[in-house]
Amino acid sequence: MSLIVLAYSGGLDTSVLLKKLILDGHSVIAMTADLGESDGVAGQRAADELERVRQKALALGAYDAVLIDARERFVSDYVMPALHANAKYQGVYPLSAALSRPLIGTLLVETAKSFGATTVAHGCTGKGNDQVRIELAVRALDPALEVRAPLRESPMSRPSAMAFASEHGIPIAHSLAKPYSIDANLWGRSIEAGILEDPWNAPPEDAYAWTAAPEKRPVHADEIVISFQLGLPSYHGLVGAAMIAALNAKAGLHGIGRIDMIEDRVIGVKSREVYEAPGATVLLAAHRALEHLVLTRDEQRFKALCDQRYAELTYDGLWMSPLRDGLDAFNAVCSERMTGDVRLALQNANVTVTGSRSPFGLYDESLATYGSGDTFDHHAATGFITLHGLPLERLARQRQLAYTT
Ligand code: ARG
């Protein structure tokens, strides 16, 4: 018997887990993190639903239950660094779940400290990425803590979890009728399993909750402006979590941010993943557009390599690694000039950049123009081409020599 802090979402798996740990004689503290999964999105869980999750844990017999509003911390310490890295796994997935797990691991460690617990637990299975991410975060912060993953130790099928739940008076949410596994936070919503497991099946419309179906999208485009100040975006006077929630709602109306991909998991399995990330899609497009205007060609070439590594290490659960600190430091240098505005048009699942401006912009109309007022030195191009092509010219002459002798 010991004191265990359990990462608790209120869903079927973690509720069954909570009950099982209690039945095994442990005192369990249910730790629930509010990462804004319902904010600003019509038809989603109301904010006070998380308080009901906390109450549910207590009703199931938890020793204590804590609800931590971690929305701003999630945005400032996880989402913003990822935005600065243009982070998309395999060029597509904005890493919403992957970014939340090191924070959940951190909150488990902090909660364990405050209660004097020496064990933390989570409800991940042995097949996914999230077990890796949570556990590596815990190990990086406090290697002395014991981590338990009971659903990995003894996996439970969905029907037996349901049977256990009804046997022990665990309420089963109505949403379980939908056979998907859902994870959501401000940065995006992940949908897996059920009919999606056959990659030939198109995602049914009921898999989506944040993005409008094609026939429900407005025909007109909405124009918005994202303003950056030293790399930090704002929209309509909103910043942080409130801004992302507002963008999820706005871009979601236009069906923006639907992603359907075959993804390579850390543990070596390919899986079919569907995501909705309207706000992330808009912000990533805006950030990249400002980089095009502000950063040098060299910086952008090098940064593309760094950005890919950043997405990979985030996906792989290595958020707490010193490589990330190094990449963050590089991105911080870039962000010193990332001040300016980007205008975007939102329409029919597309986000299109229609304008950008910045006091640090390197675009010079007098150099770029094909009209009058051109200041570009056209003659300089002749010498440039001679030197730039010198190795090719040398090779061509050598080949000619080889063919003629
Ligand atoms: N495949 C994604 C990732 O590893 C999302 C996993 C989220 N979990 C879920 N139950 N949908 O980052």
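Owing to the predicted nature of the structure, the values given are computational and were not obtained by experimental measurement.

Participant: Please explain the overall build of the protein chain as it appears in this structure.
Facilitator: Within the protein chain, the secondary structure is distributed over 14 helices and 13 strands. Expressed as lengths along the three principal axes of its C-alpha atoms, the size of the protein chain is roughly 85 × 55 × 45 Å. Looking at the protein chain as a whole, 46% of its 405 residues are labelled buried. Partitioning the intrachain contacts of the protein chain with sequence separation of at least 6 by distance along the chain shows that 72% fall at a separation of at least 24. Taken as a whole, the protein chain presents about 19,900 Å² of accessible surface, with 57% of it coming from carbon and sulfur. In the protein chain, 38 side chains carry a positive charge and 48 a negative one; their mean positions are 3 Å apart.

Participant: How should the sheet that holds strand β8 (residues 222-229) be read in this particular structure?
Facilitator: Think of a sheet as strands paired side by side through backbone hydrogen bonds, with each pair either parallel or antiparallel. Strand order in the open sheet formed by 4 strands is β9-β8-β12-β13, with antiparallel pairing between adjacent strands. Strands at the two margins of the open sheet, each flanked by one partner only, are β9 (232-235) and β13 (350-357). Averaged over all pairs of adjacent strands, the angle between their axes in this sheet comes to 30°, without regard to strand direction. As paired strands, β8 and strand β12 (residues 340-347) are joined by 7 bridges and run antiparallel to one another. Bridge pairing links I224 to L344 in β12.

Participant: Could you clarify how one ought to interpret the site of the ligand in this entry?
Facilitator: Inspection of the region around the ligand gives 14 residues, with Y93, N129, R133, S181 and E263 positioned closest. S181 places a side-chain nitrogen or oxygen 2.6 Å from a nitrogen atom of the ligand. In the environment of the ligand, a nitrogen atom lies 3.1 Å from a nitrogen or oxygen atom belonging to the side chain of Y275. Counting residues per element, the ones that place at least two in the shell around the ligand are α4 (96-115), α5 (130-141), β6 (181-185), β7 (188-192) and β11 (270-276).

Participant: Quick question: what am I supposed to make of helix α8 (residues 240-253) here?
Facilitator: An α-helical turn contains 3.6 residues, so a residue and the one three or four places further along point in the same direction. Under the 1.5 Å per step criterion, the end-to-end length of α8 is 20 Å for 14 residues, consistent within 8% with the ideal 20 Å. Turning to α8, its buried residues are G240, A241, M243, I244, A245, L247, N248, A251 and G252. Note on α8: the residue one or two positions beyond its end, G255, has a positive phi of about 75°.

Participant: How should I be thinking about the nonpolar core in this particular structure?
Facilitator: Note that soluble globular proteins tend to have their nonpolar side chains buried in a common cluster. Grouped together as the largest cluster of nonpolar side chains are 73 residues, with contacts concentrated most on Y93, L95, W187, I226, I244 and V282. When sequence neighbours within four positions are dropped, the list of residues in contact with L95 reads A87, K88, Y89, W187, A311, T314 and Y315.

Participant: It is not clear to me how the pairing of β7 should be interpreted in this structure. Could you clarify?
Facilitator: The side chains of a regular strand alternate, residue by residue, between the two faces of the sheet. Of all 5 residues in β7, 4 are buried; the element is thus mostly enclosed. Relative to β7, β6 runs antiparallel, the two being bridged by 5 bridges. Paired with I182 across the bridge in β7 is I191. Counting the residues that bridge the hairpin from β6 to β7 gives 2 residues. When β7 meets β11, the two strands line up antiparallel, connected through 3 bridges. Bridge pairing links R189 to E276 in β11.

Analysis parameters
- Residues numbered from 1 in each chain as written.
- Predicted model: local features only at pLDDT ≥ 70, side-chain atom pairs only at ≥ 80, totals over all residues.
- Heavy atoms only, no water.
- Helix = DSSP H or I, 4+ residues; strand = E, 2+ residues; numbered from the N terminus.
- Buried < 20%, exposed > 50% of the residue type's maximum accessible area, 1.4 Å probe, protein only.
- Contact = heavy atoms within 4.5 Å.
- Areas by Shrake-Rupley, 256 points an atom, 1.4 Å probe, with all protein chains shown as cover.
- Lys, Arg positive; Asp, Glu negative; His and termini not counted.
- Charge placed at Lys NZ, Arg CZ, Asp CG, Glu CD.
- Pairing = 2+ DSSP bridges.
- Axes fitted to C-alpha atoms, helices over the stretch in contact; angles between N-to-C directions.
- Near = heavy atom within 4 Å.
- Polar contact = N/O pair within 3.5 Å; in protein donor to acceptor, adjacent residues only side chain to side chain.
- Expected span 1.5 Å × (residues − 1).
- Core = buried A, V, L, I, M, F, W, Y, C linked by side-chain atoms within 4.5 Å.

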